[in-house]
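Single-letter residue listing:
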Amino acid sequence: DRELSDIFALQDEVAAAVAHAMRCALSPAVRSGAVDPIAYDLYLRGNTPLGPMGAAYQQQLAQLEEAVQRAPDFADAWASLGYVRASRAFYLPGAEAGHLRERAQAAARRALNLDPQCGLAAAAMAQSIPLYDAVAEHAAWIEKAIHWAPDNAVVSRLYSRMLSAVGRGRESLALVRRANRLDPLDLHAVAMLGRTLFENGALDEAVTVLEGARESWDRLQLLPLWMALSLGLRGDRERLRELRARYDLGPYDNILTEMIDVHFDPTPASGERVIGRLREQARHGRVTIDLLASAAQRGHVDEVFEIAARSELGPSADRIDSADRSTSNLSLLFMRGMDAIRRDRRFTDLCARLGLVDHWLDTGVWPDCVEWTAPHYDFKAECRRAAGAARRGP
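The structure displayed is predicted, hence computed values, not measured ones.

A. A look at the overall build of the protein. Counting secondary structure elements, the protein contains 22 helices and 2 strands. Relative to its full complement of 394 residues, the protein shows a buried share of 53%. Considering only contacts in the protein between residues 6 or more positions apart, those separated by 24 or more positions represent 63%. With an accessible surface of roughly 18000 Å², the protein has 52% of that area assigned to carbon and sulfur atoms.

This is the structure we're talking about:
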């Protein structure tokens, strides 16, 4: 059902479909007992996103909702439905996203009632709780998920994201490599590996990994996005322009535009744009983490912390979409190459406001930057001070 000119693309798609069918056939049986074969087929299809993100999620949701209607005691299908709902909420504005996250939690709790140690259901709960809103609650759920399902690639890559967000980049990279090995056909794991390499400053390896998945770039927009960001940070402007002209990045195009305009331009003029945008945000009372980190890196450290101290942090509650949330991803605080903000002891006050210091103190597991900040100040001691100050209040 193709033109002859598409024969190689057809061959690739057939090969991928066969590989996916074999993976499903050889996967461990679901733990929910006998399941209606049609419901099981819908469940498998609902776990395989294809095409642009918005349309793919809509298709997955329809398939998984039909699966649980046909098999209401199928715990794994409820867990997948919860996870896909929570993931879809990432692309929606505030009220709509909040409603869908509530429905995600309802599906996940239904799965946990049927199977109290369903790892993907715990991961769905974590996915429905943005880290910048509740670090402790998100982390508690994803810790349960990895304990119950240590060999689940989805759970492993979500746990890896949490580790990046709390500053444990080296562990995050090791875990997402494992997720990629657990399921080489999981395109999200490939994209996350590219992203984690990017955040850890391994730009050449990120480009190599993402280039290796080029045949799937049309199927998952995250792949060309992280390729473009890696090329941009590496200074490969020509390849970046070619990629952007060829691929539709959909909801991520605004992220790339912002990064090119603000973060990838090394000129003094760009530095002034960064601090100018941060000042503009501050006038509205709320600032994003990407601009805080980037403005500090451009030499505006004192003003960054002054602005942060009097502003709300992160995306607005009434406007949460993929671009808005991405600019306040906590992992941006710990990226390699954005070290200026961490060299100042006031960084721990910022982390305390975001819930990170309480997480480190409660778990006793510290971020990588303990080592990086040692020449400048005692990170652990400053965290304890910041925690005490936060509890005493203004």
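Following the structure, the description resumes.
B. The side chain of Ser164, seen in detail. Considering the arrangement of structural elements, one finds Ser164 in helix α8 (residues 153-165). Once residues lying within four places of it in the same chain are set aside, the contact partners of Ser164 are Ser172, Thr196, Glu199, Ser331 and Phe334.

C. Quick look at the confidence of the model for the protein. Averaged over every residue, the pLDDT of the protein is 86; residues scoring 70 or more account for 86%. Considering only residues more than four positions removed or in separate chains, one finds that residues 24-30, a stretch of pLDDT under 50, has 6 contacts. Counting contacts from residues 320-324, a segment whose pLDDT is below 50, to residues more than four positions away or on other chains yields 17 contacts.

D. Main features of the packing of helix α16 (residues 289-297) against helix α17 (residues 301-310). With their axes 7 Å apart at the nearest point, α16 and α17 run at an angle of 155 degrees to one another. Here α16 is positioned roughly antiparallel relative to α17, judged by the angle of their axes. The interaxial crossing formed by α16 with α17 has left-handed handedness. Along its contact with α16, which presents Leu292, Ala295 and Ala296, the element α17 presents Val301, Val304 and Ala308.

E. The arrangement of the packing of helix α11 (residues 203-211) against helix α12 (residues 222-234) in detail. At their nearest, the axes of α11 and α12 sit 9 Å apart, and the two run at 150 degrees to each other. Relative to α12, the element α11 is oriented roughly antiparallel. In this structure, α11 meets α12 at a crossing whose hand is left-handed. Contacts from Leu203, Asp204, Ala206, Val207, Leu210 and Glu211 in α11 reach Leu223, Trp226, Met227, Ser230, Leu231, Leu233 and Arg234 in α12. Considered class by class, the residues forming the contact of α11 with α12 number 9 nonpolar, 1 polar and 3 charged.

F. Structural view of the pattern of salt bridges. Under the criterion given, the structure shown has 27 salt bridges. Taking the shortest distance from any N to any O, the salt bridge between Asp36 and Arg70 comes out at 3.0 Å. Here Asp36 is found in the loop between α1 (7-26) and α2 (37-46), whereas its partner Arg70 is found in helix α3 (residues 53-70), with 34 residues between them in sequence. Here Asp36 falls in the partly exposed class, since its relative accessible area comes to 27%. Note that Arg214 and Glu211 form a salt bridge whose closest N and O atoms lie 2.6 Å from each other. Using a relative accessible area of 30% as the deciding quantity, one classes Arg214 as partly exposed. Taking the relative accessible area as the measure of exposure, Glu211 reaches 29% and is therefore partly exposed. Through salt bridges with shared partners, a single ionic network connects Asp204, Glu211, Arg214, Arg234, Asp236 and Arg239.

G. Summary view of helix α20 (residues 356-363). Those residues of α20 lying buried are Leu356, Val357, His359 and Trp360. Projection of α20 onto a plane perpendicular to its axis shows the buried side chains occupying an angular sector of 160 degrees, all on one side.

H. Up close: the environment of Phe74. With respect to the helices and strands, the residue Phe74 is situated in the loop between α3 and α4 (75-89). For Phe74, a relative accessible area of 1% gives the class buried. Spatially, the C-alpha atoms of Phe74 and Ala39 are 8.7 Å apart, while their sequence positions differ by 35 residues.

I. The arrangement of the nonpolar core in detail. Among the nonpolar cores identified, the biggest contains 118 residues, and Phe347, Leu356 and Trp360 are the most heavily contacted of them. With 8 residues, the single largest contributor to this core is α12. With sequence-adjacent residues up to four places away left out, Trp360 is seen in contact with Val166, Phe334, Cys351, Val365, Trp366, Pro367, Phe379 and Cys383. Grouped together as the second largest cluster of nonpolar side chains are 6 residues, Val176, Met192, Leu193 and Leu197 included.

J. Structural context of the packing of aromatic side chains. Under the counting rule described, the total for this entry stands at 12 aromatic pairs. A centroid spacing of 5.2 Å and a plane angle of 70 degrees characterise the contact between Trp217 and Tyr247, whose relative ring orientation is edge-to-face. Here the residue Trp217 occupies a position in the loop between α11 and α12, and Tyr247 occupies one in the loop between α13 (237-246) and α14 (253-263), the gap between them amounting to 30 residues. Neither Trp217 nor Tyr247 differs from the other in exposure class; each is buried. Three or more aromatic residues joined by ring pairs make a cluster, and in this case those are Phe334, Phe347, Trp360, Trp366, Tyr377 and Phe379. Sitting above the plane of the Trp141 ring, Lys144 keeps its charged end 4.5 Å from the centroid.

K. Molecular detail of the environment of Leu222. Assignment of secondary structure puts Leu222 in helix α12. Sequence separation between Leu222 and Tyr252 is 30 residues, and the spatial gap between their C-alpha atoms is 7.9 Å. Look past the residues within four positions of Leu222 in its chain and what remains in contact with it is His188, Ala191 and Tyr252.

Parameters and conventions
- The numbers attached to residues start from 1 for each chain and follow its sequence in the written order.
- Only residues with pLDDT of at least 70 get local features here, since the model is predicted, and only at 80 or more are side-chain atom pairs given and counted; chain-wide, interface and lining totals rely on the full set of residues.
- The side-chain numbers reported here are obtained from all heavy atoms of the structure, hydrogens and water having been left aside.
- Numbering of helices and strands runs from the N terminus, with a helix taken as a DSSP run of H or I at least four residues long and a strand as a DSSP run of E at least two residues long.
- Burial classes: relative accessible area under 20% of the type maximum marks a residue as buried, over 50% as exposed, and values in between as partly exposed (1.4 Å probe, protein chains only).
- The contact criterion used is simple: two residues touch if any of their non-hydrogen atoms lie within 4.5 Å.
- In these tables, accessible area is a Shrake-Rupley quantity obtained with a 1.4 Å probe, and a residue counts as shielded only by the protein chains included in the view.
- The predictor attaches a confidence to each residue, called pLDDT, with possible values from 0 through 100.
- The angle between two axes is taken between their N-to-C directions and runs from 0 to 180 degrees, where each axis is a line fitted to C-alpha atoms and a helix contributes only its stretch in contact.
- Oblique is the label for any angle not under 35 degrees, not over 145, and not in the 65 to 115 range, which are roughly parallel, roughly antiparallel and roughly perpendicular in turn.
- With the far helix as reference, a near helix turned anticlockwise by less than a right angle produces a left-handed crossing, and one turned clockwise produces a right-handed crossing.
- Residues are grouped as follows: Ala, Val, Leu, Ile, Met, Phe, Trp, Tyr, Cys and Pro are nonpolar; Asp, Glu, Lys and Arg are charged; every other residue, Gly included, is polar.
- Criterion for a salt bridge: a side-chain nitrogen of Lys or Arg within 4 Å of a carboxyl oxygen of Asp or Glu.
- Here the arc refers to the directions that run from the helix axis out to each C-beta atom.
- By convention a nonpolar core is built from buried Ala, Val, Leu, Ile, Met, Phe, Trp, Tyr and Cys residues, the set being connected through side-chain atoms within 4.5 Å.
- Two rings from Phe, Tyr or Trp (for Trp, the six-membered ring) form a pair when their centres are within 6.5 Å of each other. A pair whose planes differ by under 30 degrees is stacked, one over 60 is edge-to-face, and the rest are tilted.
- To sit over a ring, a charge needs its Lys NZ or Arg CZ within 6 Å of the ring centre and within 35 degrees of the ring normal.

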